[in-house]
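Structural overview for review
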Amino acid sequence: MNGLISVIVTTYNWPEALSTCLLALMAQQDRRFEIIVADDGSGTATQELIKDFIETCEIPVRHVWHEDKGFRAGTIRNKAVADSRGDYLLFMDGDCVALPDFISHHRQLAETGYFVPGNRVLLNEAYTSLVLGQKIPLHEQSLGFFLRQWLRGRINRLLPLLYLPLYGWRSWQPQNWQKAMTCNLAVWKDDFLATNGFDEVFEGWGYEDSDLVIRLIHYGVKRKEGRFAVPVLHLWHRHNDRSQHDENYQRLLQRVADTTMIRAELGVDQYMETIRS
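Here goes a summary of the coordinates provided. (Residues numbered from 1 in each chain as written. Predicted model: local features only at pLDDT ≥ 70, side-chain atom pairs only at ≥ 80, totals over all residues. Heavy atoms only, no water.)

This part takes up helix H4 (residues 102–109). For an α-helix, 3.6 residues make a turn, and residues three or four places apart therefore share a direction. Burial analysis of H4 places seven of its eight residues in the buried class, which makes it a mostly covered element. Within the span of H4, buried status applies to Phe102, Ile103, Ser104, His105, His106, Arg107 and Leu109. (Buried < 20%, exposed > 50% of the residue type's maximum accessible area, 1.4 Å probe, protein only. Helix = DSSP H or I, 4+ residues; strand = E, 2+ residues; numbered from the N terminus.)

This is the structure in structure tokens:
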């Protein structure tokens, strides 16, 4: 994959974390990408931060924002995709930190007919506060540094930070949708558009990312494992309001069973002609 990668970074009212995320993206070895910040209704502090990045960064950065009407991550991601210019989409959250080879390894993994979920290492609450308070550049640290943090209980796992070659084992579970999350998920834009992106009938927190992956699989796109190649470091945060969990989960189970369900009912197509007007 040699073309432009569009990195969709979802954020909401946490500029300190977003700054850490964007600084790590600015340090990527592979520079052939753009960033679209998918902003789910943040206030002035986040908007000013993004403006500074837009004005000073070598990597193209754009800001797609809508009014805060509760958790609408799927909607703002759809709007960001409609504004993207790359052929390959890489979704991540604005509270995640990528290592310098993140884009280059995702590019190596990219293959027609596949989506690629990566995995994550979770920081605990106290260490997240320390990292943000002291502005520790996690993306500049060595494996030995993270080993020390793991031994101190500051991060939950170390193994995801190890790299394994891109061998055939990555395609062993082509229809597995579990644990594929948009904090670290890559998909071809053509496949995303064919399935009409995120389905906005999933209101509130829960399973809009799993639903996308399930419909991609129904469409014929296969899973290619990103473990041991493209981890992110995920800052600690409180859980979102999960009052819609049960309803969304029941809808998800229905879609797992219905293999004819491919296109989102309320998806990205509603923005494709209007986002740049």
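Once the structure has been displayed, the description carries forward.
This paragraph deals with the nonpolar core. Counting residues in hydrophobic clusters, the biggest one holds 33 residues, and the most contacted among them are Val7, Val9, Leu25, Phe33, Ile35, Met92 and Phe102. For this core, the secondary-structure elements that each account for two or more residues are strand S1 (5–11), helix H1 (15–26), strand S2 (33–39), helix H2 (44–56), strand S4 (88–93), strand S5 (96–98), H4 and strand S8 (184–188). At five residues, H1 tops the list of elements feeding residues into this core. In this structure, Ile76, Leu89, Phe192 and Val221 belong to the second largest nonpolar core, which totals 26 residues. (Core = buried A, V, L, I, M, F, W, Y, C linked by side-chain atoms within 4.5 Å.)

Here we come to the packing of aromatic side chains. Inspection of every chain in the model, using the stated rule, returns six aromatic pairs. With a centroid separation of 5.7 Å and 35 degrees between ring planes, the pair formed by Phe91 and Phe192 is classed as tilted. Linking Phe91 in strand S4 with Phe192 in helix H7 (residues 189–194), this pair joins segments that are 101 residues apart in sequence. The structure contains a cluster of three or more aromatic residues connected by ring pairs, namely Phe91, Phe192 and Phe198. Lying over the aromatic face of Phe198, Arg77 brings its terminal NZ or CZ to 5.4 Å of the ring centre. (Phe/Tyr/Trp six-rings, centres within 6.5 Å; stacked < 30°, edge-to-face > 60°. Lys NZ or Arg CZ within 6 Å of the ring centre and 35° of its normal.)

To continue, consider the layout of surface pockets. Within this model, the second largest pocket holds a volume of roughly 210 Å³. Lining the second largest pocket are Glu16, Ser19, Thr20, Leu23, Val131, Leu132, Lys135, Ile136, Pro137, Leu138 and His139. For the lining of the second largest pocket, the element with the most residues is H1, which contributes four residues. For the lining of the second largest pocket, the per-class residue count stands at six nonpolar, three polar and two charged. (1 Å grid on protein atoms, 1.4 Å probe; cavity = no way out; pocket = protein on both sides within 12 Å on 5 of 7 lines; lining within 4 Å. Points joined across faces, edges and corners; volume = space filled by probe spheres on them. Nonpolar A, V, L, I, M, F, W, Y, C, P; charged D, E, K, R; others polar.)

What follows deals with helix H5 (residues 125–134). When H5 is considered as a whole, its buried residues turn out to be Tyr127, Thr128, Val131 and Leu132. Buried residues of H5, seen end-on, are gathered within an arc of 130 degrees and therefore sit on one face of the element. Opposite the packed face of H5, turned more than 90 degrees from it, sit the exposed residues Ala126, Gly133 and Gln134. Among the structural elements, H1 and helix H6 (143–151) are those in contact with the buried residues of H5. The opening residue of H5, the one whose side-chain oxygen lies 3.4 Å from the backbone nitrogen of Ala126, is Asn124. Positive phi shows up at Lys135, right after H5, with a value of about 55 degrees. (Arc of directions from axis to C-beta. Contact = heavy atoms within 4.5 Å. Polar contact = N/O pair within 3.5 Å; in protein donor to acceptor, adjacent residues only side chain to side chain.)

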